[in-house]
Amino acid sequence: MGDFIKLVNSWSITQFVHTFGGLFEESPWVAERSWPSRPFDSFEHMMNVMKNVVQTSDERVKLQLLCNHPDLGARISMSSNSVQEQAGAGLNSLSAEQYNELSKLNKEYTIQFGFPFILAVKGHTAQSILESMRNRNRRGREEEFQTALKEVFKIASIRLEQWLVQVGHEDEFGCKPSEVKQRTMYYGKGDVWMYRSYAKPLTGIQAIPESPFTGRNNILFGLNIKVAVQSDEFLPSFIEGDNSLVVATDSMKNFILKHAADYYGATVEGFLAYVSRRFLETYPHMTKVQMTADQIPFEDVLVRREGSLRASELVFRYSQNDRATAALEAQRKGNQVELSNHFSGVADIRLIKVKGSEFAGFVKDEYTTLPETWDRPLFIFLNINWRYEDPRDGMDDQRGRYVAAEQVRDVAAAVFHACRSASIQHLIYQIGLRLLRRFGQLSEVSFESNNRTWETVLEEVKEGEGKVFTEARPAYGFQGFSMTRDDLEDDHWGSKKEREA
């Protein structure tokens, strides 16, 4: 039993009802009838007692409890709790059209069932509330009576939780009210291929020991982009076929391509930030834009120039190798556009180490057929993502703190070369430590990896060192892992050795 519930158990009935009488709308009798059941083991126990007091009351009393609730969106006097809850769902700022429909649905509901429409509005929007009203107006009275009581209990639990947060004891409420599931609603365009010639060169990249990469000429700057947009205003297009606010996905594609000519930066992240902002500025009914992109890698082709082999500035090789990736969200916050949920990455790194990797000491039981290995080849597929402490470091190449995917790839290869790893899990941890030490501007590094090691056919050849392999069997192992700067603080044993690498 928590200390705070012990204190509540010692309260007089006057103090108890004064504090908790508003949990159930205009019905302090619920708290009054619950007080004699003290001591409560917890606030969850207290709430369950209150619910039982309601459930065991006669139908007339329960009906009056339902009738005490105000119509949603009504412009009338109501309890302070109801005012705050309805404002949180946007019911204090309805359009004239929304207000008229809400009033009409409220009236139809009350006439049909004999009590007002009740919904725990936390997490809802005006549109989702209207849809819920339309659906529930079609039900039978008994079903709707029980549904309304359940919503009353949700509202009471939310109010209790909010009170505990205010007094600093939210950890004592073990039974959290059910979160209202948010609707999934978005649409967009994928595989928007954009190629820009003579984009701004990427310069100012800080040199690191593991990589020769210090910049990119961006004579060809190519991206494969995916965009998704969100807004409650799109709901009529799903449920009514009303496309009056739908921006065609073909228009989205053209929007992105047109704005490629206006982008004066040098990075994938910067381009996504620029176009996302432009979407929200151009289409005010959109509330969120999510964009991802894979950079299309182009490799230099060597041609003879001025008596030696040099990189051509006209011809490039389209690469199928690893590629830079990025993603971010742009969301409208009042009159501002907020960029969030960003990450950068390098995808589809494929590294083969012919010897020097281990895998032993794993669980062995009746299902185990894999032998322990102390010097195996290892073929891994690897995706690495990272987040900046300050997202502007990834979006603005002028700050001198941009982390290039090419350098991250080279760090991974360098650690793979130097580290005698006990497993892929061990390997990616060592790569993460190196990246976090090398790039102090990063807050997090995460990995998705899988094992594609070839199957050994012959352990030795007739002459010299070597083995014979074939492709791995179709099933493969995979790993996922993330690290933050806290892992550097925890890495006492390996820190000295890693710094010396």
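Nothing here was measured: the structure is a model prediction, and the numbers come from that model.

Details of the overall build of the protein chain
Reasoning step 1: Across its full length, the protein chain holds 17 helices and 12 strands.
Reasoning step 2: A compact globule built from 501 residues should have a C-alpha radius of gyration of about 23 Å, whereas the protein chain, at 31 Å, is more than 25% larger.
Reasoning step 3: In terms of overall dimensions, the protein chain has a C-alpha envelope of 95 × 60 × 40 Å along the principal axes.
Reasoning step 4: Per-residue burial over the protein chain gives 46% buried out of 501 residues.
Reasoning step 5: Partitioning the intrachain contacts of the protein chain with sequence separation of at least 6 by distance along the chain shows that 69% fall at a separation of at least 24.
Reasoning step 6: Counting only carbon and sulfur atoms, one obtains 50% of the accessible surface of the protein chain, whose full area is about 26900 Å².

Digging into the packing of aromatic side chains
Reasoning step 1: This structure, assessed with the given rule, holds 26 aromatic pairs.
Reasoning step 2: Aromatic side chains Phe-24 and Phe-153 sit 6.3 Å apart centroid to centroid with 75° between the ring planes, which places their arrangement in the edge-to-face category. Here Phe-24, found in the loop between α2 (13-20) and α3 (29-34), pairs with Phe-153, found in helix α9 (residues 141-166); they are 129 residues apart in sequence, far enough to count as distant. The two residues Phe-24 and Phe-153 agree in class, both being buried.
Reasoning step 3: Through a chain of ring-to-ring contacts, the aromatic side chains of Phe-4, Trp-11, Phe-16, Phe-20, Phe-40, Phe-43 and Trp-163 assemble into a single cluster.
Reasoning step 4: Arg-452 extends its terminal NZ or CZ atom over the ring of Tyr-476, reaching a point 3.9 Å from the ring centre.

Quick look at helix α7 (residues 96-113)
Reasoning step 1: An ideal rise of 1.5 Å per residue puts 26 Å on 18 residues; α7 measures up with 26 Å between its terminal C-alpha atoms.
Reasoning step 2: Regarding α7, the residues found buried are Gln-98, Leu-102, Leu-105, Asn-106, Tyr-109 and Phe-113. For α7, the angular spread of the buried residues around the axis is 105°, confining them to a single face. Among the exposed residues of α7, those pointing more than 90 degrees away from its buried face are Ala-96, Glu-97, Lys-104, Lys-107 and Ile-111.
Reasoning step 3: Looking at the buried positions of α7, the neighbouring elements they touch are α8 (126-136) and α9.
Reasoning step 4: Looking one or two residues beyond α7, the residue adopting positive phi is Gly-114, at roughly 85°.

Points about the pairing of strand β2 (residues 220-230)
Both faces of the sheet carry side chains from a regular strand, because those side chains alternate between them.
Reasoning step 1: In terms of burial, β2 is a largely internal element, eight of the 11 residues being buried.
Reasoning step 2: For strand β1 (residues 187-197) and β2, the ladder comprises nine bridges, and the chain directions are antiparallel. Paired with Tyr-187 across the strands is Val-229, a residue of β2.
Reasoning step 3: Alignment of β2 against strand β3 (residues 288-296), held across nine bridges, turns out to be antiparallel. Bridge pairing in β3 places Val-229 opposite Val-289.

Quick notes on the pattern of salt bridges
Pairs may arise between side chains of opposite charge once their charged atoms sit close together.
Reasoning step 1: All chains considered together, the criterion is met by 29 salt bridges.
Reasoning step 2: Between Arg-278 and Glu-281 there is a salt bridge, with the nearest N and O atoms lying 3.0 Å from each other. In this pair, Arg-278 and Glu-281 are both assigned in helix α12 (residues 268-282), three residues apart and thus about one turn of the helix distant.
Reasoning step 3: Among the salt bridges present, the one from Arg-401 reaches Asp-393, with a minimum N-O distance of 3.0 Å.
Reasoning step 4: Through salt bridges with shared partners, a single ionic network connects Asp-390, Arg-392, Asp-393, Arg-399 and Arg-401.

Some details on the side chain of Gln-479
Reasoning step 1: With respect to the helices, strands and loops of the structure, Gln-479 is situated in strand β12 (residues 477-484).
Reasoning step 2: Judged by relative accessible area, which is 14%, Gln-479 ranks as buried.
Reasoning step 3: Side-chain polar atoms of Gln-479 contact the side chain of Ser-449, separated by 2.7 Å.
Reasoning step 4: In this structure, Gln-479 is in contact with Ile-424, Gln-425, Ile-428, Phe-447, Glu-448, Ser-449 and Asn-450, ignoring residues within four places of it in sequence.

Remarks on a nonpolar patch on the surface
Reasoning step 1: Judged by side-chain polarity, Val-457, Leu-458, Val-461 and Val-468 come together as a nonpolar surface patch covering roughly 290 Å² of accessible area.
Reasoning step 2: Judged by relative accessible area, which is 33%, Val-468 ranks as partly exposed.

Quick notes on the rules
Residues take numbers from 1 onward in each chain, read along the sequence in its written order. Only residues with pLDDT of at least 70 are given local features in this predicted model, and only at 80 or more are side-chain atom pairs given and counted; all residues enter the totals for whole chains, interfaces and linings. Excluding hydrogens and water, the side-chain values take into account all heavy atoms of the structure. Going along the chain from the N terminus, every DSSP run of H or I of four or more residues is numbered as a helix, and every run of E of two or more is numbered as a strand. We take the radius of gyration over the C-alpha atoms and set the globule estimate at 2.2 Å times the residue count to the 0.38 power. A 1.4 Å probe rolled over the protein chains alone gives each residue an accessible area, and that area as a share of the maximum for its type sets the label: buried under 20%, exposed over 50%, partly exposed in between. Residues count as neighbours in contact if any of their non-hydrogen atoms are within 4.5 Å of one another. Surface exposure here means Shrake-Rupley accessible area, sampled with a 1.4 Å probe, where a residue is shielded only by the protein chains that are shown. Any Phe, Tyr or Trp ring, taking Trp's six-membered ring, that has another such ring centre within 6.5 Å forms a pair; planes under 30 degrees apart are called stacked, those over 60 apart edge-to-face, and the others tilted. In this analysis the charged atom, NZ for Lys or CZ for Arg, is taken to sit over a ring once it is within 6 Å of the ring centre and within 35 degrees of the ring normal. Expected helix span is taken as 1.5 Å per residue step, with the number of steps being one fewer than the number of residues. Directions pointing from the helix axis toward each C-beta atom define the arc. The rule for pairing is simple: two strands pair if DSSP sees at least two bridges between them. Take a side-chain nitrogen of Lys or Arg and a carboxyl oxygen of Asp or Glu: if they are within 4 Å of each other, that pair is a salt bridge. Pairs of N or O atoms within 3.5 Å make up the polar contacts considered here, provided that, within protein, one atom can donate a hydrogen while the other can accept it, and that residues adjacent in sequence are counted only when both atoms are side-chain atoms. What goes into a patch is any residue over 30% in relative accessible area without a salt bridge, connected to like charges within 9 Å or, for nonpolar side chains (Val, Leu, Ile, Met, Phe, Trp, Tyr), within 5 Å.

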